Structure formats: C-alpha cells, structure tokens
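# Coordinate analysis (summary)
Below are the chains, spelled out letter by letter.
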Amino acid sequence: MFPDPDPAPHAPDAAGSDPGADARPDPGRLPDGTATAEGTVRRRRVRYSGTHPRRFAEKYKERAPERYADAVAKIVASGKTPAGTHRSIMVAEILETLEPRPGQTFVDCTLGYGGHAREILGRLGDAGRLVGFDCDPVELPKTVERLRREGWDEARFLPIRSNFAGLAAGLAGAGIPAVDGILADLGVSSMQLDDPERGFTYKDDGPLDLRMNPQRGRPASEWLSRVAPEALAAALRDNADEPMAGPLAEAMVASVRERPVTRTRDLARRLHDLYRERGWTRDKAEGDARVRRVFQALRIEVNDEFGVLESLLRQIPTCLKPGGRVAILTFHSGEDRRVKRAFLEGQRQGLYEVVSDSVRRPGSEELRSNPRSAPAKLRWAVRSAQ
Ligand SMILES: C[S@@+](CC[C@H](N)C(=O)[O-])C[C@H]1O[C@@H](n2cnc3c(N)ncnc32)[C@H](O)[C@@H]1O
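Residues numbered from 1 in each chain as written. Predicted model: local features only at pLDDT ≥ 70, side-chain atom pairs only at ≥ 80, totals over all residues.

### Describing the overall build of the protein chain
- Tallying secondary structure elements over the protein chain gives 14 helices and seven strands in all.
- Within the protein chain, the fraction of its 386 residues that count as buried is 44%.
- Considering only contacts within the protein chain whose residues lie at least 6 apart along the sequence, 69% involve residues at least 24 apart. (Helix = DSSP H or I, 4+ residues; strand = E, 2+ residues; numbered from the N terminus. Buried ≥ 20, exposed ≤ 12 C-beta atoms within 10 Å, placed from the backbone. Contact = placed C-beta atoms within 7 Å.)

Written out as structure tokens, the structure reads:
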C-alpha cells in the first residue's frame, strides 16, 4: 500500500506510520477472544440480554460476514446494514454515469468498504487499474485485505492511504498522469458510523472523537472545549442548517465550560436536556434528529470536510484525461452546493464539456431496502476533449 503522498495541510497520515496498524481486534476473525499461539481462534460465547444483540460489540456475526453469511443475508433483507459493513449506494447509477471500460484507469477517492471499487474493478478487467484513496487508517487495511482476498492484485488495485485532498500528488507519486474516471462517495462509512470507539454515534457510548483519521487533527471533544460561541454557531448553521444555531451554541459552550464533554452519550444527554428545558422539541424523535444535526456539524468541522471537498473539486479537471468522467455522491446540502457550483464553473471555463443539469436520487427500491441512501444526490461531469 502506498503511504501518504500528500504533504499538503490536509495530508492525513504521518509519513513512516504503519498504514496497516490497527490495534483493535479484528471483528472478522474474533467474536471476543484471542488467536492462540498456533493461530487457531479460541471462542467464548458473546453474551447479551434479549433475543438479539443490540450493542456493536455484541454483533459479532454481522461483523464477520464471511463466517456468518446466512445471518448477514437476513439482516440485509430486513433493510438494515450489518454492523461493520457498508452497503454501497446508487451503484447502478454510478456505473451508468462513469461507464468504466476494460483497460481504463479509475480513481475511487473514498474507498470505504470497497463496494463501488469492486464493481468498477470488475469492469476494468485485467488490463485496467483502480487507485483507491481513503484516509481511515482503521478500516482501509481491512478493505485492502478483503479486495486482495478476492483476487485484486497490485497490478490492478492500488490503495493509497491519504486524504483525497492529496489526489493529484497521490497520482503523480504513483506515476499516473491522468485517469479515465473519478468517483467520490462523500461522508462516512457505516463501519465508521456504527463503531462507538470512533465517536460518530451516540447509540452506544464512546469517546467524542468523530475523526475519519484519528491520527490527524483533534477530536471533537477538544475542539468543543475551546470553541467560541460564534464559531460553534457558524458550524451548526453552515454544516447542519441548525435553525437555533446562536442560542444552541451559547448554551453548549456554557455547559462545556462548566464541565468538559468527552463522551458521545454525555453530549447527547446534555442536548436532549437542553432542548426539553427550552421547549425546542416536542418528543424524543425530534430531539434525536436535532442531536444528529449537532454530531453532523461537529464531524464536518473536525474533518474539515468542506475544505477538502473544495480542494478535491479544484484538482479533478487536471487529473482527468480528455473525455474522462467524474461522479460525486453527496449527502447534505453543503456538499451538493459546492459540487454543483464547481461543475458549473468548470463548464464555464471550458474544463467540462457536459455537466449534470439535475441530481439523480436513489430509486424507490433502494430507498426501501437501504434507508441510509435517502439523502444521497449524484452529480457528474465530463472533461472537455481539449
Ligand atoms: C461513504 S464511505 C464510501 C463507501 C464506498 N463507496 C463503498 O462502496 O464501500 C466514505 C469513505 O470515504 C472516506 N473519506 C471521507 N472523506 C475522505 C477524505 N477527505 N479523504 C479520504 N477519504 C475520505 C471515509 O473514511 C470512508 O471510508
């Protein structure tokens, strides 16, 4: 795997760090236990109350789909995403848009679980090549291992552990001047969302971190401990369209100054209390939706998601061959606005020959079978032939 090629401010991973390092147990192999000296796995029954596991740590079957294929298939059929996996969104629409063909070279800027990558690789054939970027040092090695096991060797699949803000530098480092297609499926993966240790969820308690690359930058708890009310209000407004951004930020900063918040559940509880006291929510569901908005705002902030997206959008035209195609899946208005603006501006400058004039959305069957696809919007553009 190529280490971080991106020396830019958004470069994710310190050179020399171990890209394969993941100190936590491998859920694919170990429900709870340890590999013995001989390499065999000793199992203890994972205990949970009730008939179904509820906590991430208890969902060992879902986290080992190779071993428990039937159990996982039932979960997928019920419209849920098995813990520790990711269901790729709008796959057919993306393939139709990008038209990958045998022998071509593609980039997947957001490798994630490798779902889109696998489909694209299948169409590029033996003479084609896919470069996969991801900044997540926890999940990337697992995805690379999975794809290698499926037979995608170094000649056809090149993973680069980097923020996609390092796209041009990463490709140059790999000796690839330009590519035929680029995909970016923005935001976080289900593996990141579901794992409480990453701090993206408050369904289970975990550290208030929310970084896609925990080796870079600072966790959300630290950012919150120092932020001024005005900056927090701006983040809540710009990143999550929070209508009560000003008063909410004032109250959050006061609460954190009184007692720092370091855990996801603690933050969620404080927010629920606050909404109730102020009469901002009528019921728990409304409170949950507002808590999710706060987590989204923090996540976008600590990962500088808009900054790196704008950097990527500036680099795409120079990384595409004439006639090359780009497709971007976004999940909220701040992202979609930026993609739309960059594509239209690129067309105005003659960099793009065609850009999508409207967004494509998931079809009704996908919405039913995978509710996480609901906010997705797909935009695309074709590089000019000159
Ligand atoms: C929605 S998931 C992608 C899922 C993937 N398309 C699939 O089918 O499995 C987004 C992934 O992009 C990664 N990611 C998000 N922002 C990134 C960035 N700026 N640079 C590199 N990777 C990023 C996340 O770590 C996550 O693994």
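### Quick look at the site of the ligand
- Lining the immediate environment of the ligand, one finds 21 residues, of which Ser 88, Thr 110, Gly 112, Tyr 113 and Gly 115 sit closest.
- Secondary-structure elements contributing two or more residues to the shell around the ligand are α3 (115–124) and β2 (129–134).
- Broken down by class, the residue content of the shell around the ligand amounts to seven nonpolar, ten polar and four charged. (Near = placed C-beta within 6 Å. Nonpolar A, V, L, I, M, F, W, Y, C, P; charged D, E, K, R; others polar.)

### Examining the sheet that holds strand β4 (residues 179–185)
- Strand order in the open sheet formed by seven strands is β3-β2-β1-β4-β5-β7-β6, and the pairing between neighbours is mixed. Each of the sheet's edge strands pairs with one partner strand only, and the pair in question is β3 (157–161) and β6 (352–355). Sheet twist, expressed as the average angle between the axes of neighbouring strands with direction ignored, equals 15°.
- The sheet contact formed by β6 and strand β7 (residues 377–383) spans three bridges and is antiparallel. By the bridge assignment for β7, Val 354 is matched with Val 382.
- Against the sheet, helix α2 (residues 91–98) engages β4, β5 (320–330) and β7, with an angle of about 160° to β5. (Pairing = 2+ DSSP bridges. Axes fitted to C-alpha atoms, helices over the stretch in contact; angles between N-to-C directions.)

### Examining the confidence of the model for the protein chain
- This prediction gives the protein chain a mean pLDDT of 86; 80% of its residues lie at or above 70.
- Per-residue pLDDT stays below 50 along residues 2–41; that stretch engages in 84 contacts with residues further than four places along the chain or on separate chains. (pLDDT = per-residue confidence, 0-100.)

### Side note on the nonpolar core
- Within the largest apolar cluster, 51 residues are counted, with the highest numbers of intra-cluster contacts made by Cys 109, Ile 182 and Leu 312.
- If you tally residues by element for this core, the top one is helix α12 (residues 305–319), at six residues.
- Once residues within four sequence positions are removed from consideration, Cys 109 is found in contact with Phe 133, Phe 164, Leu 167, Ile 182, Leu 183, Ala 184 and Leu 312.
- The next biggest cluster of nonpolar side chains, apart from the first, holds 32 residues, and it includes Leu 232, Ala 249, Val 253 and Ala 268. (Core = buried A, V, L, I, M, F, W, Y, C linked by C-beta atoms within 7 Å.)

### Remarks on unusual backbone geometry
- With phi around 70°, Leu 210 is a residue other than glycine that occupies positive phi space.
- By the secondary structure assignment, Leu 210 is in the loop between α6 (190–194) and α7 (220–226).
- Look at Leu 210 and you get buried, because 26 C-beta atoms sit within 10 Å.

### Remarks on the packing of helix α8 (residues 229–240) against helix α9 (residues 245–258)
- Two elements in contact, α8 and α9, have axes separated by 8 Å at closest approach and are oriented at 130°. When the axes of α8 and α9 are compared, the pair comes out oblique. You can see that α8 and α9 cross each other, and the crossing is right-handed. Here Pro 229, Leu 232, Ala 233, Leu 236 and Arg 237 of α8 come into contact with α9, specifically with Ala 245, Gly 246, Leu 248, Ala 249, Glu 250, Met 252 and Val 253.
- The class makeup of the residues in the contact of α8 with α9 is nine nonpolar, one polar and two charged. (Parallel < 35°, antiparallel > 145°, perpendicular 65-115°, else oblique. Left-handed = near helix turned anticlockwise from the far one by under 90°.)

### Remarks on α3
- Those residues of α3 that fall on the buried side of the exposure criterion are His 116, Ala 117, Ile 120, Leu 121 and Leu 124. For α3, the arc enclosing every buried residue in end-on projection is 130°, short of the 170-degree limit, so these residues lie on one face.
- Close packing links the buried residues of α3 with α2, β1 (105–108), β2, α4 (140–149), β3 and β4. (Arc of directions from axis to C-beta.)

### As for the packing of helix α10 (residues 264–278) against helix α11 (residues 284–302)
- At a minimum axis distance of 10 Å, the contact between α10 and α11 shows a crossing angle of 125°. Regarding the angle of α10 to α11, the classification is oblique. Here the hand of the crossing between α10 and α11 comes out right-handed. Touching Ala 268, Leu 271, His 272 and Tyr 275 of α10 are Gly 287, Arg 290, Val 291 and Val 294, all from α11.
- Residues that form the contact of α10 with α11 fall into these classes: five nonpolar, two polar and one charged.

### Looking at the environment of Leu 298
- Secondary-structure assignment places Leu 298 in helix α11.
- Given 27 C-beta atoms within 10 Å, Leu 298 falls into the buried group.
- Between the C-alpha atom of Leu 298 and that of Ala 235, which follows or precedes it by 63 residues, the distance is 7.4 Å.

### A few points about the environment of Arg 270
- For Arg 270, the location among the structural elements is in helix α10.
- Counting along the chain gives 14 residues from Arg 270 to Val 256, while the straight-line C-alpha distance between them is 9.7 Å.

### Section: α10
- Between the first and last C-alpha of α10 there are 21 Å, a value that for 15 residues agrees with the 21 Å anticipated at 1.5 Å per step.
- Within α10, burial applies to Thr 264, Leu 267, Ala 268, Leu 271 and Tyr 275. Buried residues along α10 cover an arc of 95° about the axis, so they all sit on one side.
- The inward-facing, buried residues of α10 abut α11. (Expected span 1.5 Å × (residues − 1).)

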